[in-house]
Amino acid sequence: MRIVIADCSVDYSGRLTAHLPLARRVLMVKADGSVLVHSDGGSYKPLNWMSPPCRLTEAEPDEAQAQAGVTGVWTVQNTKTDDRLVVSLHEVLSDTSTELGVDPGLVKDGVEAHLQKLLAEQITLLGDGHTLVRREYPTAIGPVDILAKSAGGASVAVEIKRRGDIDGVEQLTRYLELLNRDPLLAPVDGVFAAQEIKPQARVLATDRGIRCVVLDYDAMRGIDDVDSRLF
């Protein structure tokens, strides 16, 4: 993991264009090749990023850039698409690299972990014809609980919670923004699945085109509570 703190501007081009004006930011270069641009706010969501497969090239500024105060230029090029991230460095305050080793991964709450396993085994709960691609689908900002395919062949990203609130919808939104940049997956639909979904979370999800699915944990485990049935 390489972490650089620098005054920089950032330009993204490809399927969309975006510009971050000169400011002090944190640049993260991960072992998988991904590059993320962070500010001091926004929690853990990067301002912009490039997901692998990509290639980072560092170069000296040209004459015009040097006159504008640029001391170095990072070009991060996706190797499969035309997407490109260009970071113009003005002053580097810190540049450190640390070997993090192999991460054991996120250990989820017992119920959430079991819900994920059960839904992967009963993926048609999302709808007839759905098929599982994989659990814990890796991205540059964390693993998506489940990646599936709909009956029509569209990619479906599923975020699973025991209790679904707004934070869970925001988390799934970030995954969808990232996954929809991948031409091999896009377009990617979102499903927010939980045992209980709060009304505010349902409204936000619906507004963002995310489908909500309520999971019956006992039914998925094959437990039929006779005492709670009317008939």
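Residues numbered from 1 in each chain as written. Predicted model: local features only at pLDDT ≥ 70, side-chain atom pairs only at ≥ 80, totals over all residues. Heavy atoms only, no water.

Novice: Quick question: what am I supposed to make of the environment of Ile210 here?
Specialist: Secondary-structure assignment places Ile210 in the loop between helix H4 (199-207) and strand S12 (211-214). Of the residues examined, Ile210 reaches a relative accessible area of 5% and is grouped as buried. With residues near it in sequence (within four places) discarded, Ile210 still touches Val169, Leu172, Thr173, Leu176, Gly190, Val191, Phe192 and Ala205. (Helix = DSSP H or I, 4+ residues; strand = E, 2+ residues; numbered from the N terminus. Buried < 20%, exposed > 50% of the residue type's maximum accessible area, 1.4 Å probe, protein only. Contact = heavy atoms within 4.5 Å.)

Novice: Is there a simple way to explain the packing of aromatic side chains in this structure?
Specialist: Two aromatic rings, taken as a pair, are described by how far apart their centres are and by the angle between their planes. The final tally for this structure, using the stated rule, is 0 aromatic pairs. It is Arg181 that lies over the ring of Tyr12; its NZ or CZ is 4.7 Å from the centre. (Phe/Tyr/Trp six-rings, centres within 6.5 Å; stacked < 30°, edge-to-face > 60°. Lys NZ or Arg CZ within 6 Å of the ring centre and 35° of its normal.)

Novice: What is the right way to read the pattern of salt bridges from this model?
Specialist: Two side chains that carry opposite charge are able to pair once their charged atoms sit near each other. For the coordinates displayed, the defined rule picks out 10 salt bridges. Here Lys161 and Glu159 are joined by a salt bridge, their closest N and O atoms 3.4 Å apart. Lys161 gets classed as buried once you look at its relative accessible area, which sits at 17%. For Glu159, a relative accessible area of 1% gives the class buried. Sharing partners across several salt bridges, the network here consists of Arg2, Glu58 and Asp95. (Salt bridge = Lys/Arg side-chain N within 4 Å of Asp/Glu carboxyl O.)

Novice: Could you clarify how one ought to interpret the environment of Met28 in this entry?
Specialist: With respect to the helices and strands, the residue Met28 is situated in strand S2 (residues 18-29). Judged by relative accessible area, Met28 falls into the buried class, the value being 18%. The spatial distance from the C-alpha of Met28 to the C-alpha of Glu136 is 22 Å, given a sequence separation of 108 residues. Leaving out residues up to four positions away in the same chain, Met28 has contacts with Met1, Arg2, Ser34, Val35, Leu36 and His38.

Novice: Explain the UniProt feature "domain: Endonuclease NucS N-terminal PH-like" (unreviewed entry) in the chain here, please?
Specialist: Per the UniProt entry, the sites bearing "domain: Endonuclease NucS N-terminal PH-like" (unreviewed entry) are residues 2-104 in this numbering. Summarising residues 2-104: 5% helix, 56% strand, and an end-to-end C-alpha distance of 20 Å. (UniProt positions renumbered as here; feature names shortened; annotations may be inferred.)

Novice: Explain helix H3 (residues 166-179) to me, please; I cannot follow it from the model alone.
Specialist: Every α-helix winds through 3.6 residues per turn, so residues three or four apart in the chain are directed the same way. Its 14 residues place the ends of H3 20 Å apart at the C-alpha level, agreeing with the 20 Å of an ideal helix rising 1.5 Å per residue. Most of H3 is tucked away: 10 of the 14 residues are buried. Along H3, the residues that are buried comprise Gly168, Val169, Gln171, Leu172, Thr173, Arg174, Tyr175, Leu176, Leu178 and Leu179. Packed against the buried residues of H3 are strand S4 (48-50), strand S8 (131-137), strand S9 (144-149), strand S10 (155-164), strand S11 (188-197) and H4. Two to three positions downstream of the cap, the backbone nitrogen of Asp167 sits 3.3 Å from a side-chain oxygen, assigning the N-cap of H3 to Asp165. (Expected span 1.5 Å × (residues − 1). Polar contact = N/O pair within 3.5 Å; in protein donor to acceptor, adjacent residues only side chain to side chain.)

Novice: Before we go on, may I ask you to explain the layout of surface pockets in this structure?
Specialist: Rolled over the atoms, a probe with the dimensions of a water molecule shows which regions are left empty. Considering only enclosed or pocket space, the largest pocket measures out at about 1400 Å³ in volume. As for the largest pocket, its lining consists of 49 residues, and the residues nearest its centre are Lys30, Asp32, Thr139, Ala140 and Gly142. Every element with two or more residues in the lining of the largest pocket is listed here: strand S3 (35-38), S4, S8, S10 and H3. The biggest single contributor to the lining of the largest pocket is H3, with 5 residues. Here the lining of the largest pocket is composed, by residue class, of 25 nonpolar, 9 polar and 15 charged. Each of domain 1 (2-97) and domain 2 (112-230) accounts for three or more of the residues forming the lining of the largest pocket. (1 Å grid on protein atoms, 1.4 Å probe; cavity = no way out; pocket = protein on both sides within 12 Å on 5 of 7 lines; lining within 4 Å. Points joined across faces, edges and corners; volume = space filled by probe spheres on them. Nonpolar A, V, L, I, M, F, W, Y, C, P; charged D, E, K, R; others polar. Domains from an automatic or database assignment.)

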